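Here's the letter readout for the chains.
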Amino acid sequence: MPSDRSNGASAGAGDHDGVPPAPPHSGAPSLEHDSEVRDVTVIGAGPVGLSTAFWAGMREASSRIIDSLPDLGGQLTTLYPEKWIFDVPGYPRVLAKDLVEQLRRQTLDQFDVPVHLETTADRVEYEPDPEDPERQIMRLVTDRGDLLTRTIVIAGGHGAFEPKKLPGFDMTPWEGRGAQYLVGEKAAFAGKRVMIVGGGDSACDWTVNLLDTAADITLVHRREGFRAHEVTVREIEGARLAGQVDVRTPYQIREVSGERSIESVTIFHSETEEEVEVPCDAILLQLGFKTALGPLKAWPLKVEKGAIKVDSLMRTSMDGVWAAGDITTFDGKLKLIATGFAEAAVAVAQAVHHIRPETKLQPKYSTNTGVPGAVEGQA
Ligand SMILES: Cc1cc2nc3c(=O)[nH]c(=O)nc-3n(C[C@H](O)[C@H](O)[C@H](O)COP(=O)(O)OP(=O)(O)OC[C@H]3O[C@@H](n4cnc5c(N)ncnc54)[C@H](O)[C@@H]3O)c2cc1C
């Protein structure tokens, strides 16, 4: 797979406004080896970024992907790798990490798509195309060096995302000692007494998800009631009645105790202040996420409520720049993986038509074309 974790060269990495700065590296390649002018440069290696590069491949356009994170998959990898997804057509259910792997295979194993991880898009400069000075190309300036491209598709999701901290109690001393915000592997909770804190979908989903893994679960929310899918809330109620989950609402954390790591948590009733001590090995804080557009905020894009405004062609207000996925906003916008895939197809069709106006917008059916030049016997 022609991906790298390009490091080293620095070309004016600005204030990333919340995008995690790339850690200092040595020895890994800079972006110099990727000096080709590509048709499409995709910002973001989430599900929509990966599918954007796939669509580019299907249109026989060259592409590359960059992402500030160290792994492919965006939110799916970072926030919920081991959660089931039930609403991607074609999959009755699929684990987030498995969907990312399928997207990786579909895109990177079938097409030549260089991937530069730990690389943040900083700004864009327009310059004449060396092959045709009448036309413009773009220089995408990243914190690892510059990339030349004919078009850009921004699939930057929520930009940088960062878990929200617990209000009213400083959990910092316990982070890494039993308190965590993200779940990498469910197995990390095997046989543990887990306290899950939060009242939204993530807290409720993890409660249900860890029923077969944790030794016992206490679900704590400072308000009565949960803001989650009714089905999940019903499952939690069933688990509570079966004695599998101790649901504590409205309760909040007052104290955490333990020698090296968490051993117990004292919670209190939000109204009566009555205290309960809960033996506990791990606290999973699921309080939502703060998001920031990061360096993209400084681009001359029309932004509405933190998202990039696009028209029905996924066109942004910048010449040669389209956007798709969670980062876009338009009338009727749905923030779903499935709709992001479709937005990516539209953005790529437009971008390719922009580069090669003689090509048709409507692609040929893949049953007839196969995967161009990729799969033996199909090309
Ligand atoms: C807990 C949870 C459960 C969910 N469950 C479902 C579900 O069941 N079904 C469903 O359809 N959706 C679900 N979603 C929503 C789904 O995850 C998003 O719709 C999807 O991830 C959007 O994909 P994306 O590629 O647009 O953005 P993201 O997945 O956010 O990826 C964007 C990528 O862009 C990168 N990036 C941003 N700015 C830059 C920059 N300047 N330079 C370089 N890289 C940059 C980021 O690092 C990130 O990796 C869920 C979300 C959460 C949080």
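Residues numbered from 1 in each chain as written. Predicted model: local features only at pLDDT ≥ 70, side-chain atom pairs only at ≥ 80, totals over all residues.

Q: Would you take a moment to explain helix α4 (residues 201-209) for this structure?
A: The buried fraction of α4 amounts to seven of the nine residues, a majority that puts the element mostly inside the structure. If you check which residues of α4 are buried, you get Ser202, Ala203, Cys204, Asp205, Trp206, Thr207 and Val208. Check the buried side of α4 and you find it contacts β12 (193-197), β13 (216-220), α5 (230-241), β14 (245-248) and β18 (282-285). (Buried ≥ 20, exposed ≤ 12 C-beta atoms within 10 Å, placed from the backbone. Helix = DSSP H or I, 4+ residues; strand = E, 2+ residues; numbered from the N terminus. Contact = placed C-beta atoms within 7 Å.)

Q: Can you help me understand the packing of helix α1 (residues 47-58) against helix α3 (residues 96-108) in this one?
A: When two helices pack together, their arrangement is given by the angle between their axes and by how far apart the axes lie. In the contact formed by α1 and α3, the axes pass within 9 Å of each other and the chain directions differ by 20°. Judged on the interaxial angle alone, α3 and α1 are roughly parallel. With respect to the hand of their crossing, α1 and α3 are arranged in left-handed fashion. Taken together, the residues of α3 that come into contact with α1 (itself represented by Pro47, Leu50, Ser51, Ala53, Phe54 and Gly57) are Leu99, Val100, Leu103, Arg104, Gln106 and Thr107. Of the residues contributing to the contact of α1 with α3, the split by class is seven nonpolar, four polar and one charged. (Axes fitted to C-alpha atoms, helices over the stretch in contact; angles between N-to-C directions. Parallel < 35°, antiparallel > 145°, perpendicular 65-115°, else oblique. Left-handed = near helix turned anticlockwise from the far one by under 90°. Nonpolar A, V, L, I, M, F, W, Y, C, P; charged D, E, K, R; others polar.)

Q: Please explain the nonpolar core as it appears in this structure.
A: One broad rule of soluble globular proteins: the nonpolar side chains tend to lie buried together. Counting residues in hydrophobic clusters, the biggest one holds 57 residues, and the most contacted among them are Val153, Ile154, Ala155, Ala323, Ala324, Ala347 and Val348. Among the elements that take part in this core, helix α6 (residues 337-355) stands out by supplying eight residues, more than any other. Those residues in contact with Ala324 that sit more than four places away from it in its chain are Val48, Thr52, Val153, Ala155, Met314, Gly340, Glu343, Ala344 and Ala347. Membership of the second largest hydrophobic core comes to 32 residues, among which are Val194, Ala214, Val245 and Cys280. (Core = buried A, V, L, I, M, F, W, Y, C linked by C-beta atoms within 7 Å.)

Q: Teacher, can you tell me more about the environment of Val247 here?
A: Topologically, Val247 is positioned in strand β14. Taking the C-beta count within 10 Å as the criterion, Val247 has 16 such neighbours and is therefore assigned partly exposed. The spatial distance from the C-alpha of Val247 to the C-alpha of Thr218 is 5.8 Å, given a sequence separation of 29 residues. Leave out the neighbours within four places in its chain, and Val247 touches Leu219, Ile236 and Arg240.

Q: I keep staring at the site of the ligand and nothing clicks. Help me out?
A: In the region of the ligand, 38 residues are neighbours, and Gly44, Gly46, Gly74, Gly157 and Gly325 sit closest. Of all the secondary-structure elements, those providing two or more residues to the shell around the ligand are α1, α2 (74-78) and α6. Residue composition of the shell around the ligand, by class: 19 nonpolar, 15 polar and four charged. (Near = placed C-beta within 6 Å.)

Q: Explain the pairing of β13 here, please?
A: Across the five residues of β13, four count as buried, placing the element largely inside the fold. Two strands pair when backbone bridges link them, and β12 and β13 are joined in this way by five bridges, in the parallel orientation. Each bridged residue has a counterpart across the sheet, and for Ile196 the counterpart in β13 is Leu219. One crossover worth recording links β12 to the parallel β13 by way of α4, and it is right-handed. Sheet topology note: the β13/β14 ladder contains four bridges and is parallel. Across the sheet, residue Val220 finds its bridge partner in β14, namely Arg248. (Pairing = 2+ DSSP bridges. Right-handed = clockwise from strand over helix to strand, strands pointing away.)

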